Amino acid sequence: MKQSKWRVMTILIVLILGCLFFLLSLGRQRTQVYYFIPKSIDSDFQFWQTVMDGAKTASDELGIEVHYRGPTYETDVDEQIRILYEVMEEEPSAIILSPADQEALVAVCEAIMKKGITLVLIDSDVSIEANKSLIQTDNIAAAKIIAEDLAKGMGYKGKVAIFSHVEGTSTAIQREEGFRKQMELYDDIFVLDETFYSDGEELKAYEKTLKFLDRYPQVDAIFATNEKTAMGVGKALKELHLQDDIIFVGFDAEATQVQYIEEGTMYASMVQKPFNMGYLGVKEAYAINVEGKEPEVIDTGCALIKEENLFTPENQKLLFPFVE
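Quick notes on the rules
Residues numbered from 1 in each chain as written. Predicted model: local features only at pLDDT ≥ 70, side-chain atom pairs only at ≥ 80, totals over all residues. Heavy atoms only, no water. Pairing = 2+ DSSP bridges. Helix = DSSP H or I, 4+ residues; strand = E, 2+ residues; numbered from the N terminus. Axes fitted to C-alpha atoms, helices over the stretch in contact; angles between N-to-C directions. Contact = heavy atoms within 4.5 Å. Parallel < 35°, antiparallel > 145°, perpendicular 65-115°, else oblique. Left-handed = near helix turned anticlockwise from the far one by under 90°. 1 Å grid on protein atoms, 1.4 Å probe; cavity = no way out; pocket = protein on both sides within 12 Å on 5 of 7 lines; lining within 4 Å. Points joined across faces, edges and corners; volume = space filled by probe spheres on them. Nonpolar A, V, L, I, M, F, W, Y, C, P; charged D, E, K, R; others polar.

K.L.:
I would appreciate a short explanation of the sheet that holds strand β10 (residues 268-271) in the present structure.
P.N.:
In a beta sheet, neighbouring strands are held together by backbone hydrogen bonds and run either parallel or antiparallel to one another. The strand order across the open sheet built from 6 strands is β7-β6-β8-β9-β10-β12, with neighbouring strands paired in mixed fashion. On the outer flanks of this sheet lie β7 (189-197) and β12 (303-305), each paired with one strand and no other. With direction set aside, neighbouring strand axes in the sheet form an average angle of 20°. Here helix α5 (residues 139-153) sits on the sheet and contacts β6 (158-164), β7, β8 (221-224), β9 (247-251), β10 and β12; the angle it forms with β9, its principal contact strand, is near 165°.

Here is the structure:
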């Protein structure tokens, strides 16, 4: 009889503890409030809109609250820092951030981590020593691949110019580094020392390309390091009818870039996976907060897209993102 009573009490205790654990977990999940801070919230910037689409999908799946804030322009580093300090005061569970500058955001990132707020970096890095989660394309490796493809297209000889996006971002630094390192392998390819920055704006890229081509009419190829820069360079080349004279490659896959590839204005583009960056950014923050996961660096991958492989099923899926 006594054994039966003990057995019943043990079962009840287990059930009560299980319920308490479930309710605590549920409460903790419901109170998770995250902030998502990209480099730009400009609705015309397809890359960042796709990143945020991925984040929203992940937050819906997890049932957590994610707030989106950020500067309009990628170059507005001070505004991003101001937003981060403001958000910190609300003591959210996590901040998912794409830093607009590798060095300028060091202090605020360290302050976020010191306050015990989970910090997950996406797309770009910051020069902090602490163990951190970083979800991005391997930009150096990707730039080497597109440089190799461009070199082949040029017959391994000629002059190349680099049009970059925002000076000081890790993506701009790493893509230029990878590109130049690969081109150093070819004795008859000369990459201009000067780098031409668009500040991540299509209009600036367009205007600078027009001026550049007036100054350097003998250039054989141009490498544009992101979406807006590539859009501006492509527009200038089309307007000057130089599509057949200058080989043009770049990063990302905005609809205009896809059109440039299809019509032959753009030779190739290294297409990243922005949807996955946003999606995995939120999932990583949740896993660290709720499941105790250790931070890690995750390469989201990329693919070289050209006219001949533009319509393969695999690349169509990449150009029209979804969760893998």
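K.L.:
Help me out: how do you make sense of the packing of helix α7 (residues 202-215) against helix α8 (residues 227-239) in this one?
P.N.:
Two quantities define a packed helix pair, namely the angle between the axes and the distance from one axis to the other. Closest axis-to-axis distance for the α7/α8 pair is 7 Å, and the angle between their directions is 45°. When the axis of α7 is compared with that of α8, the two are oblique. In the crossing of α7 with α8, the sense of the turn from one axis to the other is right-handed. On the side of α7, the interface is formed by E202, A205, Y206, T209, L210 and L213, while α8 contributes K228, T229, M231, G232, V233, K235, A236, L237 and E239.

K.L.:
Got a minute to help me understand empty space enclosed by the protein in this structure?
P.N.:
The method is simple in principle: a probe with the dimensions of a water molecule rolls over the atoms, and the space it marks as empty is what remains. In this structure the tally under the stated criterion is 2 cavities of 30 Å³ or more. As for the largest cavity, its lining consists of 13 residues, and the residues nearest its centre are Q46, A253, V271, Q272 and P274. Considering every element that reaches the lining of the largest cavity, the biggest residue donor is helix α2 (residues 46-62), with 3 residues. Quantified by volume, the second largest cavity comes out at close to 80 Å³. In terms of lining residues, the second largest cavity is bounded by 13 residues, among which F47, E74, D123, R175 and N226 are the most central. If you list the elements that add at least two residues to the lining of the second largest cavity, you get α2 and α6 (170-183). Among the residues forming the lining of the second largest cavity, the class breakdown is 3 nonpolar, 4 polar and 6 charged.

Treat this as a map of the structure, not an account of what it does.
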